[in-house]
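# Observations on the three-dimensional arrangement
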Amino acid sequence: MSLNHVRPWRNIYRRKSRQIMVGDVPIGGDAPIAVQTMTNTLTTDVVATVAQVQAAAEAGADIVRVSVPDEASSKALKEIVRESPVPIVADIHFHYRRGIEAAEAGAACLRINPGNIGDEKRVKEVIKAARDHNCSIRIGVNAGSLEKHLLEKYGEPCPEAMVESGLEHIRILEDNDFHNFKISVKASDVFLSAAAYQGIAEATDAPIHLGITEAGGLVSGTIKSAIGLGNLLWMGIGDTIRVSLSADPVEEVKVGYEILKSLGLRHRGVNIISCPSCARQGFDVIKTVEALEQRLEHIKTPMSLSIIGCVVNGPGEALMTDVGFTGGGAGSGMVYLAGKASHKMSNDQMIDHIVEQVEKKAAELDAVAEAAE
């Protein structure tokens with residue numbers, strides 16, 4: 001829940017959903033919104049896949065999905081699960097037996113697609129395997145692979161068809177007394193996704209996994225995801241998110257966290273507030289921010305840093321950040337600590353100095369947090 005009693009216009013009231021577990025990660029209820037990504041290596045290449053899972057986890061991923069397209073991948077999954085620092089979701093399409101094998105291999109969750117997993121009898125077998133191995137299920141409805149009878153009924157992928165698909169599959173799970181599931185209704189179209197998610201949010205109390213599928217490359221996909229997921233999250237809808245990018249999975253995690261951070265729903269690492277720069281800048285803002293983003297990737301402690309090129313907005317922004325730097329004249333600028341002007345620093349030394357100040361502040365915040373436990 002994101003609540004601010006001083007500034008109520010910032011409040012987000014999350015939809016009430018029941019809670020399930022994906023491995024040791026709680027999903028739904030009052031649990032933090034989980035960030036997920038997916039590997040793009042060959043699953044049979046265990047070394048490469050585990051390395052990608054570990055990199056994603058280091059970037060902040062709570063859950064990682066791995067594709068299981070064949071029997072060899074099922075066998076590799078067991079070793080991947082054993083080496084993974086986070087719960088693994090097995091991505092299952094077409095072959096229901098892969099779902100059974102993935103549950104047996106230790107997957108924390110099975111992602112199955114109602115449009116291609118097979119008839120109800122096969123789904124029941126997957127449900128039994130999930131129950132036997134304490135594995136959750138994600139119903140993954142996708143506009144690009146809706147069931148034939150729904151396309152015939154509605155004529156095209158639409159919110160009503162996607163919601164109906166999801167509810168049909170929920171019925172199968174609940175008829176088999178299986179309730180450890182979440183659901184997604186993804187589309188590559190932002191409008192279609194948003195409408196489908198609003199519909200499913202009203203129709204069930206199951207946890208919801210958000211995503212704009214096939215969103216595109218790093219820039220275009222980030223923008224589409226920020227619009228689609230951001231608006232749904234702002235409405236209180238969503239318990240897990242995955243930003244789908246044609247890019248390194250680590251980038252998906254970074255973007256996912258930035259979306260959540262911008263709404264005050266998750267806090268991790270340094271939130272850099274910086275200006276786009278102009279002729280008034282007292283130093284090269286763009287290169288400075290690029291360098292600081294790289295140099296501060298290791299900081300996990302939630303905190304804020306303002307990097308502003310001149311005194312028009314610099315002092316005001318620094319008032320609300322843990323550490324700040326505002327450009328001045330004669331090759332130097334002002335360093336702000338805890339919102340107050342502290343000391344001047346030359347531009348040629350300020351990157352190293354800012355990193356030191358951020359690391360020092362992070363250590364202080366960590367010590368306070370530990371003492372409060």
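Residues numbered from 1 in each chain as written. Predicted model: local features only at pLDDT ≥ 70, side-chain atom pairs only at ≥ 80, totals over all residues. Heavy atoms only, no water.

### Remarks on the packing of aromatic side chains
Under the criterion given, the structure shown has one aromatic pair. Aromatic pair Phe283 and Phe325: ring centres 5.3 Å apart, planes at 75 degrees, arrangement edge-to-face. Linking Phe283 in the loop between strand S11 (270–274) and helix H10 (285–295) with Phe325 in strand S13 (residues 323–327), this pair joins segments that are 42 residues apart in sequence. Residue Phe283 is classed as buried on the basis of its relative accessible area, which comes to 7%. Over the ring of Tyr257 we find Arg268, and its NZ or CZ is 5.7 Å from the ring centre. (Phe/Tyr/Trp six-rings, centres within 6.5 Å; stacked < 30°, edge-to-face > 60°. Helix = DSSP H or I, 4+ residues; strand = E, 2+ residues; numbered from the N terminus. Buried < 20%, exposed > 50% of the residue type's maximum accessible area, 1.4 Å probe, protein only. Lys NZ or Arg CZ within 6 Å of the ring centre and 35° of its normal.)

### A short note on unusual backbone geometry
Positive phi, normally seen in glycine, also occurs at Asn134, with a value near 55 degrees. Relative to the assigned elements, Asn134 resides in the loop between helix H4 (120–132) and strand S7 (136–142). Asn134 sits in the exposed class, given a relative accessible area of 69%. Backbone geometry places Ala338, a non-glycine residue, at a positive phi of 55 degrees. Within the secondary structure layout, Ala338 lies in the loop between strand S14 (332–337) and strand S15 (340–346). For Ala338, a relative accessible area of 54% translates into the label exposed.

### Observations regarding the state of the cysteines
Scanning the entire structure with this criterion turns up zero disulfides. Cys310 provides the cysteine sulfur closest to Cys275, a residue in no disulfide bond, and the two sulfurs are 6.7 Å apart. The cysteine Cys278 is free of any disulfide, with Cys310 supplying the nearest cysteine sulfur at 5.5 Å. (Disulfide = S-S within 2.5 Å.)

### Focus on the nonpolar core
The tendency in soluble globular proteins is for nonpolar side chains to be buried as a group. Formed by 77 residues in total, the largest nonpolar core has its most connected members in Leu77, Leu110, Ile137, Met162, Leu210 and Leu233. Non-local contacts of Leu77, meaning those with residues more than four positions away in its chain, are made with Val66, Val68, Ile88, Ala90, Ala102, Ala105 and Ala107. (Core = buried A, V, L, I, M, F, W, Y, C linked by side-chain atoms within 4.5 Å. Contact = heavy atoms within 4.5 Å.)

### A few points about the pairing of strand S4 (residues 63–67)
A regular strand places its side chains on the two faces of the sheet in alternate fashion. In terms of burial, S4 is largely enclosed, as four of its five residues are buried. Note: strand S3 (residues 34–38) against S4, three bridges, orientation parallel. In the sheet register, Thr37 faces S4, and the bridge partner there is Val64. Across four bridges, S4 lies against strand S5 (residues 88–92) in parallel orientation. The partner of Ser67 across the bridge, within S5, is Asp91. With helix H2 (residues 71–83) bridging S4 and its parallel neighbour S5, the resulting β-α-β unit is right-handed. (Pairing = 2+ DSSP bridges. Right-handed = clockwise from strand over helix to strand, strands pointing away.)

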